[in-house]
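Here is how the chains run, residue by residue.
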Amino acid sequence: MLAVSYKALPLFRISVCKHKRDPLLCSGAFTAPPQDGDELKVKVSLQLGRSLCSARATRRDIYQLIIMGLILKILIYLGVCSGVQSVHRMSWLPCQFTDERVFRNNENHTETELIHREAMLQFGQTGDAPVNPHAITFLVTGSKLDLRRYVEEVEPEQLECELRRYSTEGIHVRWPVQAAKDYNRWFICTIKHTKGLFTATSFLRHPSDQPPSGQQDYHSWSAIADREILSTTAVMVVKTQSPSVKVGLGAQQKLHCQFAVDHKGPDVTVEWHWQNRGERLRLFSHTSRSGQTQGSGVGLKSLAGGDASYALPFAKMSSEGLYVCSVSVTPLFASLDISLHIEEAPRVSLNVGPTLSLQQGEEQKVVCEAADYYPLDVEIVWYEQDPAASGQRVGASLPKVLQNVLLSSHRHNQDKTYSLSAFFYLQASLRDSGRQFTCSVHHQSLRVPIRKSFILTVEEPSSWMFTLTVGFIMVILLIILFVMLRLLHSARKQSVKNKPY
């Protein structure tokens, strides 16, 4: 029996059969809007491969009902999933409000005192009660730009939030959104992931009736009470998912930067700069209104959709430094720093094979070389392990660190990478036969150290007296053989001479 409730199908007109005992015994099917609680019941039986249906219920109708039921299940599942996501959407976030007090000291110099105050970034509607009534509440009301989209799927305890005042330095521009007042007070909110997965900077607009005081408006910022509620809206967001990047030589890397503004057609200027050790270079610049573009590395099509990511073609040593993605919409300016570090893993090699065979008392110089790595810091350690413990996993003694290891000086290669060698002199002894020697190289580019090993085999040398004796006997035998051959040859010649014929 397949039952489809009318409550689940409000948009369809279906045939209702109200026969109490068997729905298929209806004298005639009629089409009418079903009432609450009515159900459409279809009974299907198969006999000898022949479909037995009545009351105008064809096989096509049954298939349609089954398909409709599956579609309903999918819709219900999607609705439940969206409901779960809405339940877990972030509603508040504890923040630190870094307030500023600008004053002139006794020497008439301007000083700024930073005051750290407790605050809450709360998402809701105007008039909502504060989550923490003892803190300053920045109530972010609904707008076309939802700040939570840029920090979703992250728990609040994984985020660091800081709020600051923002000075427009006397620049007054009416923000082009509906019902916006002539004047605004601006705040900048920076949200960082504690593990460095992303950094997002947003601007919060708080409408005000008071015009800005001038270029040095930070001298006369209005006071904010400890429990004050500031109703704001998010108007611009800039985010990067790569605050710190590690890349190898020759690799291609995309430096992520995206932005969004709460109104259409803003006059946006996007720039990328590189700076390192006091040097600063502009890599890319684009202004949307004029269409003027300088440099390369950012796609203009993706830029129109808010993707300002910069493509680094091939990483070189000179690529290392700080990359700055800046987005400005007058009077707002935001920039995000992305640190790019070059890391090249070392190539580790030994000057001996997997097995080293020596005779007792023989000496061998063993070298472990870590080549072509960057940055400079590297650690090379030699270990030795007893033969009995080399194949054991449980209860085996720990490898012993060799103390007689010497290090070469760092060698600076032409591509600005480094190389280093660690070596020791191995004196072969029978008791060391079967020992395993391991070179372990640690470097920040490696998740686990690189290890290279060899096994020592020591053979007992043969006795020199025995060798000398055997050699002497062989020489004597050769001399005797030589003398006998000469005598034999002389005897033959003499016998030939004595013959009369």
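Reading guide: rules and limits
Going along each chain's sequence as written, the residues are numbered from 1 onward. Local features in this predicted model are restricted to residues of pLDDT 70 or higher, and side-chain atom pairs are both shown and tallied only at a pLDDT of 80 or more, whereas totals for entire chains, interfaces and linings draw on every residue. Calculated side-chain values reflect all of the structure's heavy atoms, with hydrogen atoms and water omitted. Comment: elements are numbered from the N terminus, with helices defined as DSSP H or I runs of at least four residues and strands as E runs of at least two. Only protein chains enter the calculation, and the probe is 1.4 Å; a residue is then buried if its accessible area is under 20% of its type maximum, exposed if over 50%, and partly exposed in between. In this description, accessible areas are obtained by the Shrake-Rupley approach with a 1.4 Å probe, and a residue is regarded as covered only by the protein chains that are shown. Two aromatic rings from Phe, Tyr or Trp, using only the six-membered ring of Trp, form a pair when their centres are within 6.5 Å; if the ring planes differ by under 30 degrees the pair is stacked, by over 60 it is edge-to-face, and anything between is tilted. Two strands are said to pair when DSSP picks up at least two bridges between them. Contacts between residues were defined by any pair of non-hydrogen atoms, one from each residue, lying within 4.5 Å. Confidence scores here are pLDDT values: one per residue, from the predictor, ranging 0 to 100.

On to the overall build of the protein chain, then. A count of helical and extended segments in the protein chain gives three helices and 30 strands. Relative to its 501 residues, the protein chain shows a buried fraction of 36%. Just so you have it, the protein chain exposes about 31,600 Å², and 53% of that area is on carbon and sulfur atoms.

Our next topic: unusual backbone geometry. Among all residues except glycine, the phi angle is most often negative; among peptide bonds, the trans geometry is most common. The step from Thr330 to Pro331 runs through a cis peptide bond, and the omega angle for that step is 10 degrees. Here Pro331 is to be found in the loop between β19 (321–329) and β20 (332–342). Notably, Arg277 is not glycine yet its phi reads approximately 55 degrees, a positive angle. Take Arg277: it is sitting in the loop between β15 (269–276) and β16 (279–287). Located in the positive-phi region is Lys416, a residue other than glycine, with phi close to 70 degrees. With respect to the secondary-structure elements, Lys416 resides in the loop between β27 (411–412) and β28 (418–427).

Within the structure shown, the criterion is met by 14 aromatic pairs. Taking 5.4 Å as the distance between ring centres and 70 degrees as the angle between the ring planes, the aromatic pair formed by Trp175 and Trp186 counts as edge-to-face. Of this pair, Trp175 sits in the loop between β8 (159–166) and β9 (183–193) while Trp186 sits in strand β9; the two residues are eleven residues apart in sequence, bridging distant segments of the chain. On the basis of relative accessibility, which here comes to 0%, the residue Trp175 falls in the buried class.

What follows deals with the sheet that holds strand β29 (residues 436–442). Taken in spatial order, the five strands line up as β22-β30-β29-β24-β25 in an open sheet, and their pairing is mixed. At either margin of the open sheet sits one strand with a lone partner, and together these are β22 (355–359) and β25 (400–401).

Take Tyr323: it is sitting in strand β19. With relative accessibility at 3%, the residue Tyr323 sits in the buried group. The spatial distance from the C-alpha of Tyr323 to the C-alpha of Leu283 is 9.3 Å, given a sequence separation of 40 residues. If near-sequence neighbours (up to four positions away) are discounted, Tyr323 is found in contact with Leu255, Trp272, His273, Trp274, Leu283, Tyr310, Leu312, Leu336, Asp337, Ile338 and Leu340.

Attention now goes to the pairing of β22. Alternating residues of β22 divide into Leu356 and Leu358, all buried, and Thr355, Ser357 and Gln359, none buried. Note: β22 against strand β30 (residues 450–459), five bridges, orientation parallel. Among the inter-strand pairings, Ser357 is bridged to a residue of β30, identified as Thr457.

Regions with low pLDDT should not have their predicted coordinates read in detail. Mean pLDDT over the protein chain works out to 82, with 79% of the residues at or above the 70 mark. Contacts of residues 1–57 to residues separated by more than four positions or lying in other chains number 65 contacts, the stretch itself having pLDDT below 50. Taken together, the stretch residues 80–88 has pLDDT below 50 and engages in zero contacts with residues farther than four places along the chain or on a different chain.

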